Every structure is written in structure tokens, then in C-alpha cells.
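Structure assessment
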Amino acid sequence: MTLFSDHYTSMMQHETKSATEWMAFEDQTQLGTYNKWPIPLVKAAGAMVEDVEGNQYLDLYGGHCVAFLGHNHPEVVKAIKAQADDLLFYSNAVYAPVRARASARLARLAPEGMNTVFFVNSGAEANEVAMKIARKATGRAHVVGVEGDFHGRTMGSLSTTWAKKYRDGYEKAFGPVSFAPFGDADAAVQVIRDASPAAVIVEPIQSMGGMRTADRSYFEALRLACDETGAMLIFDEVQTGVGRTGSFSYAQTIGVIPHMITMAKSLGGGVPVSALILNDEVAATVGPGEQGTTFGGGMLAMAAVDAALRVVEEEKLSERALLVWDALAEGCNERGLRYQGAGCLMGIDFGQPVAPIVAGLRGHHILTGGSANPNIMRLMPPAVVTREQVDQFFTALDAVLQQLEEVDA
Ligand SMILES: Cc1ncc(COP(=O)(O)O)c(C=O)c1O
């Protein structure tokens, strides 16, 4: 009798496998829902990742927008190693100094008047909790989402996610939701007035939408319409938060402050964790026992958050994010490419399908992503990307575009 199946044992005996073999091994037992790049990764540092065969890639996709600090930041790694030695986990049944520190740091960095934090585990979960709180506090069910937004895959967050391909098959389970247009203040205000909702949730830079931005006046109009109708405005800052756009939150970058902000992705420097940040008025509506999660606020995640936020401040990563933006913008300008976004979130419009460009760049060992707009490439680079690495990206891009042109000719 063995502890492992024969198959597993035989795989473990041959640890030195090729990339192709590792992919086949993983596919045998993983739910077939992801369209993965053919690179089984084993290591990373800064803006670089390395696969099982020792190939290194420049990661401008940022580990799916997670590695804002750079991969495996030594301070985060040190903090979680130390925490793991002391206390890996205990739930919110107890107090914990590491949670107190992480929470205080996050509240201090958040916009003024937003002094309360609730830790959960993923972006979708944070959005879900924000909408739940708004529903209970207002006694209303309706939520207004925004066309083009992505808020996650749990039922509530999915109900406010725009793209049909994610919603199909689940619509019957959704609560009442209507969608307002992105960027059109007058039309959005009308939708909010008509719905008189519990909440309006918006992704202030639409990442899957190709890093679409809107005027500050649009967000101001959303806030005013929420105040007028008694709804709560939620900024989904799962991507834009933690310093990516030049300030700690995008709300601070544009100077429009919502009732609640959600953050995830870079918050734990690579360790899964998310947070809901609430203004004092909303926080006061939540009573004991109304929200809860076993793993939210766990010690390992809290050590990661505390270290990651310290690094964001000490290494002035928000300022560096703007330098990365400038370097990328310069390269785009030189090539007449249109771009949008802010800081370490950029969508580049090629006016042609980007799928072959993304694949071509991967051939040059550079990771980038697509978006819901087939012509827009998404970059979500770490703030530690250097000028030389940006130049490397554009040199490879020129080669890929040239190659594609030759194939077309
Ligand atoms: C803006 C935004 N909101 C929510 C989510 C969902 O986050 P998670 O995948 O951690 O549930 C994502 C994920 O990509 C996102 O980009």
C-alpha cells in the first residue's frame, strides 16, 4: 500500500521533466478552465521570471497585476518566513499584533475619512462584501454596475461584471443589476436615479476593457448621484490600488473619494489577500457577526500586507510607477501608438489584433497580455522595471511587428 497513486509516484521519481512534460502532468488533474501560456514557472525575482528549463522572461504582465513590488520582494519573503516560524494562522476569533499593524498601515495610506479595514481573500470576495454591506445598510437590493467593468467570478461580483461570456449560464442567480455607461456622466446619473440602488460599483480604470479611463468629472458625477439617491459608491481598486497609479488609491489620484474601496492583487506582494476599506459612516452600519471569513486577516497574509505596504512607501513605488509610465509612453509616442491608463497600468492600441504580437513577444521572452478589446495589449508591470527593460520591450516589439508585416506581405 503506497501513499501515492502509481502515476504520482512515477512522476515524482522523474523530477527532471521538460516544460512540455510538466504541462501535460498539470493538465491531467487541473480543471480545464484556464488558457495557460506554455511556460511552467519555478522562480522569479524583480521583473524577471524563470521556467523549468531555465528560460527567463521579462514580466510586463506582472503576474496578473500582482507583482507591483517586483516578484519575491526580499522584504515580503523575509516577513512571511519569520511569521511562518512564529504563527502561521489563527482566525478572527483572536486579536493579533500583526493584523493590527497591517490594518493600521492600510488605514493610514487610505483616503482621509476611510479608517476601517476588513480583510478577505480575493478581489471578488472584497467586492462581494462591499455590495452586501451596501445592501444591508440601505435596505435595497439593486446594484448599478458599469458597462465594460470586471469585478470577479463569485455570484454577486459576477452579476456586476459586464462581459456576457462570464455571465452566461448564471444570470438566473443574480440579484437586480443595471449597467451605466462608462465615461458618460449624464447617462450614468440617469441610470442611478432610475434605479435608486444600494450601491454603484465601478472599476475606475477598466483593465480588461483595455485600461480605459474616464474624466474625473465622471467619477464626481457618480459620487454626487450616489449622495442624492442614498446609494453607496464602491471603487473596485483591485488593480489600481496599492500605489499603481501614482497615489495609494486611484481615488486619491483623481481626488474623488467613494464610500468604499476594494483592493487585492498587489496588496500582499504576491500572497493572496484582499481588503475592503470603508469610510467611517459606512463602517458604523456594520454590526458584530454581520460579515466574516475564516482566512481573512490570517497571520501569514497580514505579515505580507504589512511588509508590502512598507516597501511601497519606503521604495516610493508610486513615484516609480509614474516613471515606468513615462518610459513606456515615450516608446509608444515614438512609434505613433495610442495608449491609455495610468502608472503601472497601460493599454496600448495597435489598431490590429494583438494576440500574435503578445505571442511574438513571448517568443522574445517578454510577457504581456491581451484585453477584451482585441486590438489592445495590456501591460501591468512591476514598478521596479528599469529603463533598459522598457527599451528591451520596444526593441522586441519592433522586431515582432516587422516579422508580422513580412508574413502579411
Ligand atoms: C478590477 C478587478 N476586480 C476584481 C477582480 C477579481 O479578483 P480575484 O480574481 O482576486 O477574485 C479582478 C481580477 O482580475 C479585477 O481585475
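Scope of this entry: the structure provided in the associated data block. (Residues numbered from 1 in each chain as written. Predicted model: local features only at pLDDT ≥ 70, side-chain atom pairs only at ≥ 80, totals over all residues. Heavy atoms only, no water.)

Before going further, it helps to spend a moment on the layout of surface pockets. Using a probe with the size of a water molecule, rolled over the atoms, empty space left in the structure can be pinpointed. Its volume calculated, the second largest pocket comes out at about 220 Å³. Around the second largest pocket, the lining residues are Thr116, Val117, Phe118, Ile133, Leu278, Ala283, Val286, Gly287, Pro288, Gly289, Glu290 and Gln291. With three residues, the single largest contributor to the lining of the second largest pocket is strand E4 (residues 116–120). Per-class residue counts for the lining of the second largest pocket are seven nonpolar, four polar and one charged. (1 Å grid on protein atoms, 1.4 Å probe; cavity = no way out; pocket = protein on both sides within 12 Å on 5 of 7 lines; lining within 4 Å. Points joined across faces, edges and corners; volume = space filled by probe spheres on them. Helix = DSSP H or I, 4+ residues; strand = E, 2+ residues; numbered from the N terminus. Nonpolar A, V, L, I, M, F, W, Y, C, P; charged D, E, K, R; others polar.)

Quick look at the site of the ligand now. In the neighbourhood of the ligand, the contacting residues comprise Ser122, Gly123, Ala124, Asn127, Phe150, His151, Gly152, Glu203, Asp236, Val238, Gln239 and Lys265. Here an oxygen atom of the ligand and a backbone polar atom of Gly123 are 2.8 Å apart. Phe150 is positioned with one of its backbone polar atoms (N or O) 3.3 Å from a nitrogen atom of the ligand. Protein chains shield 79% of the accessible area of the ligand, which is 390 Å² for the free molecule. A per-class count over the shell around the ligand returns three nonpolar, six polar and three charged. (Near = heavy atom within 4 Å. Polar contact = N/O pair within 3.5 Å; in protein donor to acceptor, adjacent residues only side chain to side chain. Areas by Shrake-Rupley, 256 points an atom, 1.4 Å probe, with all protein chains shown as cover.)

Right, let's talk about the pattern of salt bridges for a bit. Inspection of the entire model under this criterion finds 19 salt bridges. The partner of Glu220 in a salt bridge is Arg216, with the nearest N and O atoms 2.6 Å apart. Within this pair, Glu220 and its partner Arg216 are both found in helix H10 (residues 216–229), separated by four residues, close to a single helical turn. For Glu220, a relative accessible area of 33% gives the class partly exposed. (Salt bridge = Lys/Arg side-chain N within 4 Å of Asp/Glu carboxyl O. Buried < 20%, exposed > 50% of the residue type's maximum accessible area, 1.4 Å probe, protein only.)

The next subject is empty space enclosed by the protein. Applying the stated criterion to the full structure yields one cavity of 30 Å³ or more. Approximately 30 Å³ is the volume found for the largest cavity. Taken together, Lys132, Ile133, Lys136, Ala137, Thr285, Val286, Glu290 and Gln291 form the lining of the largest cavity. Of the residues assigned to the lining of the largest cavity, the class counts are three nonpolar, two polar and three charged.

Let us now look at the sheet that holds strand E12 (residues 345–349). Taken together, three strands build an open sheet; the order of strands is E11-E12-E14 and the sheet is antiparallel. Across the chains shown, the open sheet's two edge strands, defined by having one partner strand only, are strand E11 (338–342) and strand E14 (376–379). On average, each strand axis in the sheet is inclined to that of its neighbour by 20°, with strand direction left out of account. In this structure, E12 lies alongside E14, joined through four bridges in antiparallel fashion. Each bridged residue has a counterpart across the sheet, and for Gly347 the counterpart in E14 is Arg378. Each of E11, E12 and E14 touches helix H14 (residues 317–334); the most contacted strand, E11, lies at about 170° to it. (Pairing = 2+ DSSP bridges. Axes fitted to C-alpha atoms, helices over the stretch in contact; angles between N-to-C directions. Contact = heavy atoms within 4.5 Å.)

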